[in-house]
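Examination of the molecular architecture
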Amino acid sequence: MTTFDDLLEEAGTFGHCQRRIFALLCLLSLPFAGVYVGIVFQGFTPDHWCRDSAVVEMRQACGWSLADSRRLTVPLVNSSGVLQQSSCEQYKVDWNSTGLTCDTQELDLIALGLFGSAVIMSQTQIALSLNLCVFMDRFKYHTHFLMSFILNAISGFALAVAPNYISLLVFRTIFGFGAKGGWMTSYVLLTEIVGVEYRRTVGILYQMFFSVGVLILPLLAYFITDWRWLQVTITAPYILFLSYYWLIPESPRWLISQNNSSRAMEITESMAKENKKKLTRNLETLTDEEGDSPSASLLDLVRTPNMRKHTFILMFNWFTSGVVYQGLIMRVGIAGGDVYIDFLISGLVEFPAAFLILFTIERIGRRLPFASANIVAGTSCLVTAFIPDSMFWFKMVVACIGRLGITMAFEMVVFVNTELYPTFVRNLGVSVCSTLCDVGGIVAPFLLYRLAVIWLELPLIIFGVVAFIAGGLVLLLPETRGVPLPETIDDIEFPNRKKENPLENQQMKKLLKSKLTSNKETRSV
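You'll find the protein chain entered in an unreviewed UniProt entry as Solute carrier family 22 member 3, with Seriola lalandi dorsalis given as the organism. UniProt's Sequence similarities (unreviewed entry) comment on the protein chain is quoted here verbatim: "Belongs to the major facilitator (TC 2.A.1) superfamily. Organic cation transporter (TC 2.A.1.19) family."

In structure tokens form, the structure reads like this:
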């Protein structure tokens, strides 16, 4: 019986066609970094305080400095145990009728909060909790690409010219809605069109281009200081990505799961032709379990015991990755250093994460590095919280180790998620679970900015505890090293039925093929 993996082996597991698609989709990861963490610069709050026109007149008449006028008009507030001048409060006083002179040195006035918190932009960052991918197991990946990029282009440019705060929130929500869905669908497509021996490599490298985008972002923000023009720069590539609708084929594996084997065969033959290969098999003998999958349903994710366990554990790990990763990135904006340099340094540590994953997951497996990454991140967060500010560089190093750990965990949860769901529900499963990452991204600024008022390092304690729990839960997941992508729910519920190692299977087939060839040559002689 023929399976798609058999056809893929003949068509080429990572030939010119897959490399072309891989290169195109990696470009998609670059601007997504701006969508996901660009708020650090777009929503950055500079040092500021409340302006009063009467005070301005007195400052000019009396020769006060800006520091003098701020000291006389703004009360002191407690910020993480340190008294500092408020950014959002001023003394309630009518400066035109006080009778004060330029010699006034002290004021005994009542403080009144005039403005809300300056971190509202950060709190609303990217409302992605209902991303477009949820529906895509019922629709073509092509349809998803087109819808996603159109939404990105329209909402992204509209966001750049948003006239008020409410419209800004609406457009930013739509922008994140499309961008996250397109990014996740691209990842799933990549894992479905390459051989099992290349699956983990393309998945990690695809995410590494997100890290490249993270490094490019502070450079763009440094030279493009207007957040509206920065938004235009982040959005512009999505106009070019519209061409992907014609440049990237539909997933044959997904078509088979939707009982469209004829179209899947056409695309596979086209891939083989581009790879300069020739198919000797067809899908007429396709195994029943691969060609007769039902339509995806949310209930499929929780109906059976193993699927339910995988779903809940993956959801929590997606949430952890989102809240800790976003929290550590946004903490750069309130740590008091140079936001551009600190962001760049913390972004550099994401590259070792990719190489550590590539080095360990085929030698050790998925589960242990995944759990260890979360535990390292949790430990680093807890240790960083108790390192005094006087030990700046030591604190920076430990914090970067935490960033390294959570980056590893983030990259691993993506491809482990794809390996734990059958084809017909894979995109839906990844989308539903990754929605918890979006929830984590929304929760992160609330934890960071609200708890930091009590103690600047308190959010790190929360991040550390959450990461520890996530690491422990990962140990309850099955090992997926060398295991073929599941096609049905039965493959998840009864994993022992698929005991064949696909790598060993492919090597055995090649060995048999070479022996047959040598036997024919011997006979001809």
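Here we look at the confidence of the model for the protein chain
Scored by pLDDT, the protein chain has a mean of 78; 76% of the residues are at 70 or more. Taking the mean pLDDT of every element in the protein chain, the minimum, 30, falls on strand 4 (residues 111–113) and the maximum, 94, on helix 22 (residues 458–474). Every residue in residues 288–292 scores below 50 in pLDDT, and together they form 13 contacts with partners more than four places removed in sequence or on other chains. Scored below 50 in pLDDT, residues 519–525 makes zero contacts in the model with residues more than four places away or belonging to other chains.

Some details on helix 19 (residues 367–385)
Its 19 residues give helix 19 an end-to-end C-alpha distance of 28 Å, which sits within 8% of 27 Å, the value for a rise of 1.5 Å per residue. The set of residues buried in helix 19 consists of Pro369, Phe370, Ala371, Ala373, Asn374, Ala377, Gly378, Ser380, Cys381, Thr384 and Ala385. Looking at the buried residues of helix 19, the elements they touch are helix 16 (305–331), helix 18 (350–360), helix 20 (392–419) and helix 22.

Thoughts on the packing of aromatic side chains
Counted under the stated rule, the structure contains 26 aromatic pairs. Look at Phe32 and Trp183: their rings are 5.3 Å apart centre to centre, the planes differ by 20°, and that puts the pair in the stacked class. A residue pair is termed long-range when its members are at least 10 positions apart, and Phe32 in helix 2 (residues 16–37) and Trp183 in helix 8 (residues 165–193) qualify at 151 residues. Since its relative accessible area comes to 4%, Phe32 is described here as buried. For Trp183, a relative accessible area of 8% corresponds to the buried category. For the ring pair Phe32 and Phe210, a centre distance of 5.8 Å and an interplane angle of 55° mean the geometry is tilted. One end of the pair, Phe32, is in helix 2; the other, Phe210, is in helix 9 (residues 196–223), with 178 residues separating them in the sequence. Taken as a pair, Phe32 and Phe210 share a single burial class, namely buried.

The rules we used
- Residues numbered from 1 in each chain as written.
- Predicted model: local features only at pLDDT ≥ 70, side-chain atom pairs only at ≥ 80, totals over all residues.
- Heavy atoms only, no water.
- UniProt positions renumbered as here; feature names shortened; annotations may be inferred.
- pLDDT = per-residue confidence, 0-100.
- Helix = DSSP H or I, 4+ residues; strand = E, 2+ residues; numbered from the N terminus.
- Contact = heavy atoms within 4.5 Å.
- Expected span 1.5 Å × (residues − 1).
- Buried < 20%, exposed > 50% of the residue type's maximum accessible area, 1.4 Å probe, protein only.
- Phe/Tyr/Trp six-rings, centres within 6.5 Å; stacked < 30°, edge-to-face > 60°.

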